[in-house]
Amino acid sequence: MKRICYFVFLAFMTANVWAEEVKIASPDGKVNVTVTDQGGIPTYMITYDGRVMLKPSRLGLKASIGDFTAGITIKGQKQSRIDQNYEMTRIKTSQVHYVATEAVIAMQNAQGWPLTVTFRVSNHDVAFRYTLHRGPNDTPRCALVYSETSAFNFPQHTTTFICPQSKPMDGWERTKPSYEEEYKADAAMDLPSQYGQGYTFPCLFHVGNDGWVLVSETGTGSNYVGCHLSDYHKDLGYTIAFPNQDEMNGMGSPYAGIPLPGSTPWRTITMGTTLKPIVETTIPYDLVEPLYQPTHKYKPGRYTWSWLIWQDESCNYDDQVQFVDLAATMGYEYCLVDALWNQRIGREGIEKLSRYACSKGVQLMLWYNSNGMWNDAPQSPVGCMNTSWAREREMKWMEENRIAGIKVDFFGGDKQEMMKLYEDILVDANRHGLQVIFHGCTLPRGWERMYPNYVASEAMLASENVYFTEHHARQEGFELCTYPFTRNAVGSADWGGVLMNTHMSRDNKSRHPRYTSNVFEMASALIMQSSINAVVLCPNNLSELQPFELDFLRELPTTWDETRFLDGYPTRYVALARRHGSKWYVGALNGTQEPISMTLDLSMFANQTMTCLTDQPLKKSKKAQENSLQLPTPVQKQLKVPQDGKVQITIQPMGGIIIR
Ligand code: CA
């Protein structure tokens, strides 16, 4: 539903003698945006509840049709109220009511060429985008955008929780950038980025005592390049950065091509005095529309996955039967067969395995290499996802053999050509009833709503790193206490965890241990959101875990009707409540080496006795604990929640809590 309540036209001005100023307020009046053309430089600034969240920050872009960064005059504006309801089945919430003030601001550059800047201001989010127009004679009808000057200029006392963009054609088999770098906690703004390439979205900023701001973008598919933030500039702040020319082995343009008239994707700024609006935001979905209808009823669920612990050696028929059986035992919907299946199991073997899985009520998902020729990732199958004819052949075969979904890996960068490949895979997969997970990839930008068969992406340091190195095993708490406020706040995340082996090996004794407790791992499935969620159980875990642990893992929902932030601080700890139907689940993680106590508002459980899974504290010195291979024992308790819902909890170091 769209309602236009009021609109205002400013008088046309003949010369830019006085700066024009446009003020836009959120429906509750707390967010205030001021846009000006002072000195010919288009800028905007944002206050929240009277506090400055963004200082005057530049707007504008450079395109083949002209320079829109200076010599700008505001020619007029029109404001209206947006009021929309929509439903989602695969994000943090199911019913969304989006209410915002929209301001459509007409600008003109020094050559008289028009530019429209559209702002949407809701109670905790500001979004804006540019619309480019044709010139005299109704031409040209297409344009290139070379760069954007859109800036995010934070007050001086701001600190950052941001993740560096990697260099192109770097890392393992030249597969970067793939959004798999490490966040820094509470870093200074002027700290140079680790690789000199700026920062990947989303970027979290702590504006001192005034609050928190999350900057990201949404609505990018085949229509534009994927952007990120530049390094900090003392006068400008951070600006929108385009892909590096060398991505995709240098193929393709780093510029964006758009038809005229045409719009850029939305830049989004989510803010609050606490982290609650950031964790709960739906802004990536509020600003986009479904691009096509689902051809099938796509089923959420859980999947087993041999590769994480048993690795490449497990890509054989007999091992996969064990993981199909494990899924069936747990009542899980899916089993993911990872790389090399075409060589080691073969297509006939997969057909047979799929028949076996279906007879047990489980469906297979298959891994693919996205290449192509944009990096050196060697794992097969290759050459099946990079052209439309190969995809059609492959996906038809999958549909005939009741394969439920694909995980496509090793993309290379954010050029428009690569963004188009993600979209083409999704569109073709929908025709064959396949759901899609991306790995080694870019951030999804509103994709759960744009593409109804899209599930989730990696685009973070996911569980494979816990397997690969002791360093990341020790960092698991830090990572999983960061993503709810960053990566997972703007898009479904295939963490690929719930690691129940105590050691990162098939024998569950060799290699490095896991440093998180069992309850931490189980609670991570409530904290990390993806409508199809991995549970990295191994067959041996069935006899190792206590019955109440397996009960929880069998019950585990993956879709949510509501999500509430309860408490947390990025990199240290997090507590969320999520509702599935009428049932609430509370999960909490401690990513530090110290116990953390907090009082949670569990009013959804008022006057009820709940089941609580928690860690038995270890009776050891801290030093011994840090170096110990011993994990705390999980215990199940009853928890009486008083009428006011206030409950004090303590989470053990690298531990967790589940209340349901
Ligand atoms: Ca990866």
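Everything discussed here concerns the structure shown above.
Residues numbered from 1 in each chain as written. Predicted model: local features only at pLDDT ≥ 70, side-chain atom pairs only at ≥ 80, totals over all residues. Heavy atoms only, no water.

1. Description of the overall build of the chain
For clarity, the threshold we go by: Numbering of helices and strands starts at the N terminus; helices are DSSP runs of H or I of at least 4 residues and strands are runs of E of at least 2. Between the two quantities, the radius of gyration covers C-alpha atoms and the globule rule is 2.2 Å times the number of residues to the power 0.38. Whether two residues are in contact is decided by their heavy atoms, any of which lying within 4.5 Å being enough. The accessible surface values rely on the Shrake-Rupley method and a 1.4 Å probe; as for residues, cover is taken only from the protein chains in view.
When you go through the chain residue by residue, the secondary structure sums to 16 helices and 37 strands. On C-alpha atoms alone, the chain measures out to a radius of gyration of 25 Å, which is about the 26 Å that the 2.2 N^0.38 rule sets for 660 residues. With the C-alpha coordinates aligned to their principal axes, the bounding extent of the chain is approximately 80 × 60 × 45 Å. Looking at the chain alone, contacts between residues at least 24 apart form 73% of all its contacts between residues at least 6 apart. In the structure as shown, the chain presents an accessible area of about 23300 Å², 51% of it carried by carbon and sulfur atoms.

2. Quick notes on the side chain of Arg120
Stated formally: Polar contact is defined as a pair of N or O atoms within 3.5 Å, subject to the rule that within protein one atom must be able to donate a hydrogen and the other to accept it, and that residues adjacent in sequence are counted only when both atoms are side-chain atoms.
Along the polypeptide, Arg120 turns up in strand 10 (residues 114-121). Among the polar contacts listed, one links the side chain of Arg120 to the side chain of Glu102, at a separation of 2.7 Å. Once you skip the residues sitting within four places of it in the chain, Arg120 turns out to touch Ile82, Tyr98, Thr101, Glu102, Asp125, Val126, Ala127, Trp266, Asp286 and Leu287.

3. Focus on the nonpolar core
For clarity, the cut-off: The nonpolar core is taken to be a set of buried Ala, Val, Leu, Ile, Met, Phe, Trp, Tyr and Cys residues, with the residues joined through side-chain atoms within 4.5 Å. Working definition: with a 1.4 Å probe on protein chains only, accessible area under 20% of the residue-type maximum means buried, over 50% means exposed, and in between means partly exposed.
Grouped together as the largest cluster of nonpolar side chains are 204 residues, with contacts concentrated most on Val35, Tyr44, Phe119, Phe438 and Leu553. Excluding residues within four positions of it along the chain, Val35 makes contact with Glu20, Glu21, Val22, Ile24, Thr43, Tyr44, Leu59, Ile74, Ile105, Met107 and Phe119. In this structure, Tyr98, Ala100, Ala127 and Leu287 belong to the second largest nonpolar core, which totals seven residues.

4. Things to note about the sheet that holds strand 2 (residues 21-25)
Formally: Two strands are counted as paired when DSSP detects at least two bridges linking them. Convention adopted: a line fitted to C-alpha atoms gives each axis, helices being fitted over their contacting stretch, and angles between N-to-C directions are expressed from 0 to 180 degrees.
With respect to topology, four strands assemble into an open sheet ordered 2-3-4-5, the strand pairing being antiparallel. Edge positions in the sheet fall to strand 2 and strand 5 (51-58), since each of these pairs with one other strand and no more. Each neighbouring strand pair of the sheet contributes to a mean axis angle of 15°, computed without reference to strand direction.

5. Focus on the sheet that holds strand 23 (residues 301-305)
Two pairing modes exist for strands in a sheet, parallel and antiparallel, and in both the strands are linked by backbone hydrogen bonds. Taken in spatial order, the seven strands make up an open sheet running 28-27-26-25-24-23-29, and their pairing is parallel. Where the open sheet ends on each side, the last strands, each with one partner, are strand 28 (454-457) and strand 29 (532-534). Pairwise comparison of adjacent strand axes, ignoring direction, gives a mean angle of 25° for this sheet. Both strand 26 (residues 405-409) and strand 27 (residues 435-438) contribute to a ladder of four bridges, which runs parallel. The residue of strand 27 that forms the bridge with Ile406 is Val436.

6. A few points about the environment of Thr516
Mapped onto the secondary structure, Thr516 falls in the loop between helix 12 (487-490) and helix 13 (518-527). Using a relative accessible area of 0% as the deciding quantity, one classes Thr516 as buried. Residues Thr516 and Gly656 lie 140 residues apart in sequence; the distance between their C-alpha atoms is 8.5 Å. Setting aside its immediate chain neighbours within four residues, Thr516 contacts Glu476, Gly477, Glu521, Leu631 and Met654. At 2.7 Å, the side chain of Thr516 and the side chain of Glu521 are in polar contact.

7. A word on the packing of helix 7 (residues 388-400) against helix 8 (residues 416-431)
Rule in force here: Note on convention: near helix rotated counterclockwise from far helix by under a right angle means a left-handed crossing. Clockwise means right-handed. Nonpolar residues are Ala, Val, Leu, Ile, Met, Phe, Trp, Tyr, Cys and Pro. Charged residues are Asp, Glu, Lys and Arg, and all others, Gly as well, are polar.
Relative to each other, helix 7 and helix 8 sit at 35°, their axes nearing to 9 Å. The two elements helix 7 and helix 8 cross, and the hand of that crossing is right-handed. Residue-level contacts link Ser388, Arg391, Glu392, Met395 and Glu399 of helix 7 to Leu421, Asp424, Ile425, Asp428, Ala429 and Arg431 of helix 8. Each residue belonging to the contact of helix 7 with helix 8 can be placed in one class, and the counts come to four nonpolar, one polar and six charged.

8. Focus: the coordination of the calcium ion
Stated formally: Water is not part of the atom set, so a site may look incomplete; the donors themselves are N, O and S atoms within 2.8 Å of the metal, or 3.2 Å for Na, K and Ca.
In the first shell of the calcium ion, the protein supplies Glu180 (OE), Glu458 (OE), Glu458 (OE) and Glu464 (OE), at 2.3 to 2.6 Å from the metal. Under the relative-accessibility criterion, Glu458 is labelled buried at 1%.

9. Brief notes about the packing of helix 4 (residues 317-330) against helix 6 (residues 346-359)
This is how the line gets drawn: Throughout, the term roughly parallel applies to angles under 35 degrees, roughly antiparallel to angles over 145, roughly perpendicular to angles from 65 to 115, and oblique to all others.
Following both chains from N to C, one finds helix 4 and helix 6 inclined at 20°, their axes separated by 10 Å at the closest point. In terms of axis orientation, helix 4 runs roughly parallel to helix 6. Crossing geometry of helix 4 relative to helix 6 is assigned as right-handed. Where helix 4 abuts helix 6, its residues Tyr317, Gln320, Val321, Val324 and Asp325 lie against Gly349, Lys352, Leu353, Tyr356 and Ala357. A class-by-class count of the residues in the contact of helix 4 with helix 6 yields six nonpolar, two polar and two charged.

10. Regarding the environment of Asn401
Within the secondary structure, Asn401 sits in the loop between helix 7 and strand 26. Along the primary structure Asn401 and His124 are separated by 277 residues, whereas in three dimensions their C-alpha atoms are 46 Å apart. Sequence-distant contacts of Asn401, defined by excluding residues within four places in its chain, comprise Glu351 and Ser354.

11. A few points about the side chain of Asn541
Residue placement: Asn541 occurs in helix 14 (residues 541-544). Within the structure, the side chain of Asn541 is placed 2.9 Å from the side chain of Asn501, a separation counted as a polar contact. With sequence-adjacent residues up to four places away left out, Asn541 is seen in contact with Met500, Asn501, Asn508 and Val536.

12. Details of a nonpolar patch on the surface
For the record, the criterion: Exposure above 30% relative accessible area and no salt bridge define the residues that can form patches, which grow by joining like charges within 9 Å and nonpolar side chains of Val, Leu, Ile, Met, Phe, Trp and Tyr within 5 Å. By definition here, a salt bridge exists when the distance from a side-chain nitrogen of Lys or Arg to a carboxyl oxygen of Asp or Glu is within 4 Å.
Where nonpolar side chains cluster on the molecular surface, the patch consists of Leu144, Tyr146 and Tyr255 and spans about 260 Å² of accessible area. Residue classification places Leu144 among the partly exposed residues on the basis of a relative accessible area of 36%.

13. A closer look at empty space enclosed by the protein
For clarity, the cut-off: A cavity here means a set of 1 Å grid points, computed over protein atoms only, where a 1.4 Å probe fits but cannot escape. A pocket is an open set with protein on both sides within 12 Å along at least 5 of 7 lines, and lining residues have an atom within 4 Å of a point. Grid points are joined across faces, edges and corners, and a volume is the space filled by probe spheres set on the points.
Applying the stated criterion across every chain, the model contains five cavities of 30 Å³ or more. Computed from the structure, the second largest cavity encloses a volume of approximately 90 Å³. Around the second largest cavity sit 15 residues that line it, and Ile162, Lys184, Ala187, Leu191 and Tyr199 are the ones nearest its centre. Counting only elements with at least two residues in the lining of the second largest cavity, the list comes to strand 14 (159-164) and strand 15 (187-188). Top contributing element to the lining of the second largest cavity by residue count: strand 14, with three residues. Along the lines of polarity and charge, the residues of the lining of the second largest cavity split into 10 nonpolar, three polar and two charged.

14. Details of the environment of Tyr454
Considering the arrangement of structural elements, one finds Tyr454 in strand 28. With 154 residues separating them in the primary sequence, Tyr454 and Pro300 have C-alpha atoms 11 Å apart. Ignoring anything within four residues of it in the chain, the contact list for Tyr454 reads Arg90, Leu426, Val436, Phe438, Pro444, Trp447, Glu448 and Ser492. A polar contact of 2.6 Å, which involves the side chain of Tyr454, links it to the side chain of Ser457.

15. Digging into the packing of aromatic side chains
Stated precisely, the cut-off is as follows: Pairing of aromatic rings covers Phe, Tyr and Trp, the last counted by its six-membered ring, and requires centre-to-centre distances within 6.5 Å; plane angles under 30 degrees mean stacked, over 60 mean edge-to-face, and any other angle means tilted.
Scanning the entire structure with this criterion turns up 36 aromatic pairs. Their ring planes at 35° and their centres at 5.3 Å tell us that Phe119 and Phe128 sit as a pair that is tilted. Of the residues examined, Phe119 reaches a relative accessible area of 0% and is grouped as buried. Residues Phe411 and Phe438 carry aromatic rings whose centres are separated by 5.2 Å and whose planes lie at 90° to one another, so their mutual orientation is edge-to-face. One end of the pair, Phe411, is in the loop between strand 26 and helix 8; the other, Phe438, is in strand 27, with 27 residues separating them in the sequence.

16. A few points about the pattern of salt bridges
For the structure shown, the criterion picks out 28 salt bridges. Of the charged contacts in the structure, one is a salt bridge between Asp338 and Lys407, with a shortest N-O distance of 3.3 Å. Of this pair, Asp338 sits in the loop between strand 24 (334-337) and helix 5 (341-344) while Lys407 sits in strand 26, and the two are 69 residues apart along the sequence. For the pair Asp338 and Lys407, one class covers both residues: buried.

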